[in-house]
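Examination of the molecular architecture
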Amino acid sequence: MTIVVDGGKFAAVAPSAESTPVRGARVVDLDGRYVIPGLVDSHQHIATPPDRAAAEAVLRRLVYSGVTVIRSMADDLRQVGDLARATLVGEIAGPDIVYAALMAGPEFFVDPRTIAVSQGEVPGAVPWMQAITPETDLPQAVAMARGTGARAIKLYADLSAETVAAIVAEAHRQGVHVWAHTAVFPAMPHDVVSAGVDVVSHVGMFVYAGSAHRPTGYAAKKPIDDAEREGALDPQIESLVREMSRRGTILDATANLYRRRDEAGERDDARPSEAAFAARLVRHAHQAGIEISTGTDYETDPGEPFPALYQELEFLVKECGLTPGEVLRSATLVGARAAGAGDSRGSIEVGKIADFAVLAEDPLADLANLRSIEMTVKRGRCYHRNDWTAGS
């Protein structure tokens, strides 16, 4: 195949025998290589708390590993906005950043993370971290979030079903996507999905759809009985999965996060105690036709050569039963759709933004072959893997 890139977009994609050389073009010989669309990590936090040097190091490793888009899922948008500008124009190396402004109930804003990302201001009273009450002027609140450059609203905690539905309706009216935790207490999974959110995060929270425990708020959560995790899928979980499939709700599963928590010996009431439970839910969701995006919600240590996204993709194959091809689709086209950019990214098509990765080995044979990456192209700009070193 021959790929022609012009002005940061795909100008032609065709068998080489049918392609006409473009006069004056720079020619890169990829004979024997494999090309995939740019990867998407649909769940990143790069400024909680803000640390510019650390964020730039994470972004640099991501783009040199084939990641061309990330979703920043609620951070200090004062820093994220500038990072997004800098990666967009090529001032620093990194994927494009699509980011969300967070909304939650007032009770949530004692959380230390909200304080960390609102330093110098009042948590809950800034455009990127807004406390929502029944008296909130939602058109104004959504407009304020839009003013930060956010492409989406993230719903996190302490919101009723009625408030979730009202936020979703107003956000969609203003052309803003809505991303949410699967449960935002007291709103439960069915409430969140029925409200019409575009993407839900954390497959382990499906357990609340069938649990007798219905927290009245974020602080009222308590551990779910292991029997509810270990038993057969509850009819209420089945109902939730069917509704997500019917609506086309994307699942940002963060599946490998549960394995990491198991290894660390961590257990809490918002996530299952075993990665096996998460894997079973992902398999069930996939079989039901739910589109799964590939988010991480953590990063590997700075000295590691590759990002957490590779671990997520391999978990989806090894533990959840997806094929390498299905996982690559999740990490590219579905990820682009989760970021609200499916019309312009996620596949190698004429007219789309020129994002792709060049590999020495076939990823369809083994996803571990992602580690054979030689070059990333983002918006037509080349990032050669040999130019990156760990910790740089």
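You'll find the structure just up there.
Below is a summary of the structure that appears in this document. Since the model is a prediction, treat every value here as computed from it, not as a measurement.

Rules used in this analysis
- Residues numbered from 1 in each chain as written.
- Predicted model: local features only at pLDDT ≥ 70, side-chain atom pairs only at ≥ 80, totals over all residues.
- Heavy atoms only, no water.
- Helix = DSSP H or I, 4+ residues; strand = E, 2+ residues; numbered from the N terminus.
- Buried < 20%, exposed > 50% of the residue type's maximum accessible area, 1.4 Å probe, protein only.
- Contact = heavy atoms within 4.5 Å.
- Salt bridge = Lys/Arg side-chain N within 4 Å of Asp/Glu carboxyl O.
- Axes fitted to C-alpha atoms, helices over the stretch in contact; angles between N-to-C directions.
- Parallel < 35°, antiparallel > 145°, perpendicular 65-115°, else oblique.
- Left-handed = near helix turned anticlockwise from the far one by under 90°.
- Nonpolar A, V, L, I, M, F, W, Y, C, P; charged D, E, K, R; others polar.
- Core = buried A, V, L, I, M, F, W, Y, C linked by side-chain atoms within 4.5 Å.
- Phe/Tyr/Trp six-rings, centres within 6.5 Å; stacked < 30°, edge-to-face > 60°.

For the protein chain, the helix and strand inventory stands at 12 helices and 16 strands. Dimensions of the protein chain along its principal axes, counting C-alpha atoms only, are 65 × 45 × 40 Å. Here the protein chain holds 392 residues, and the buried ones make up 54% of them. In the protein chain, 72% of the contacts between residues at least 6 apart in sequence involve partners at least 24 apart.

A separate point is the environment of phenylalanine 10. Examined against the element boundaries, phenylalanine 10 turns out to sit in strand S2 (residues 9-14). In this structure the C-alpha to C-alpha distance between phenylalanine 10 and lysine 352, which are 342 residues apart in sequence, comes to 5.8 Å.

Inspection of the entire model under this criterion finds 21 salt bridges. Residue arginine 173 is joined to glutamate 170 by a salt bridge in which the shortest nitrogen-to-oxygen separation is 2.7 Å. Here the residue arginine 173 and the residue glutamate 170 both occupy positions in helix H5 (residues 161-173), the gap between them amounting to 3 residues, near one helical turn. Here arginine 337 makes a salt bridge to glutamate 291, at a shortest N to O gap of 3.1 Å. Of this pair, arginine 337 sits in helix H12 (residues 324-338) while glutamate 291 sits in the loop between helix H10 (275-287) and strand S13 (292-293); the two residues are 46 residues apart in sequence, bridging distant segments of the chain. Arginine 337 gets classed as partly exposed once you look at its relative accessible area, which sits at 37%. Salt bridges here are not isolated pairs; linked through shared partners, they connect Arg52, Glu56, Asp82, Arg85 and Glu91.

Packing of helix H11 (residues 308-318) against H12 brings their axes to within 9 Å, and their N-to-C directions diverge by 140°. Comparing the axis directions of H11 and H12 gives the class oblique. By crossing handedness, the relation of H11 to H12 is classed as right-handed. The residues of H12 that touch H11, namely those facing Leu313, Leu316 and Val317, are Pro324, Val327 and Ala331. For the contact of H11 with H12, the per-class residue count stands at 6 nonpolar, no polar and no charged.

Here we take up the side chain of arginine 61. Of note, arginine 61 is situated in helix H1 (residues 52-64). Owing to a relative accessible area of 3%, arginine 61 belongs among the buried residues under this scheme. For arginine 61, the residues in contact, after removing those within four places along its chain, are Glu299, Thr300, Asp301, Pro302, Glu304, Pro305, Phe306, Pro307 and Trp388.

So, on to the nonpolar core. Counting residues in each nonpolar core, the largest one holds 95 residues, and the members touching the most others are Ile97, Leu155, Val203, Phe206, Leu251 and Val282. When sequence neighbours within four positions are dropped, the list of residues in contact with phenylalanine 206 reads Thr182, Ile237, Leu240, Val241, Met244, Leu251 and Leu281.

Evaluated as defined, the whole model comprises 8 aromatic pairs. Judged by centre distance (5.9 Å) and plane angle (35°), the ring pair of phenylalanine 10 and phenylalanine 356 falls under tilted. Of this pair, phenylalanine 10 sits in strand S2 while phenylalanine 356 sits in strand S14 (residues 356-359); the two residues are 346 residues apart in sequence, bridging distant segments of the chain. An identical accessibility class is assigned to phenylalanine 10 and phenylalanine 356; each is buried. Relative to tyrosine 218, the ring of phenylalanine 108 lies with its centre 5.3 Å away and its plane at 80°, an arrangement referred to as edge-to-face.

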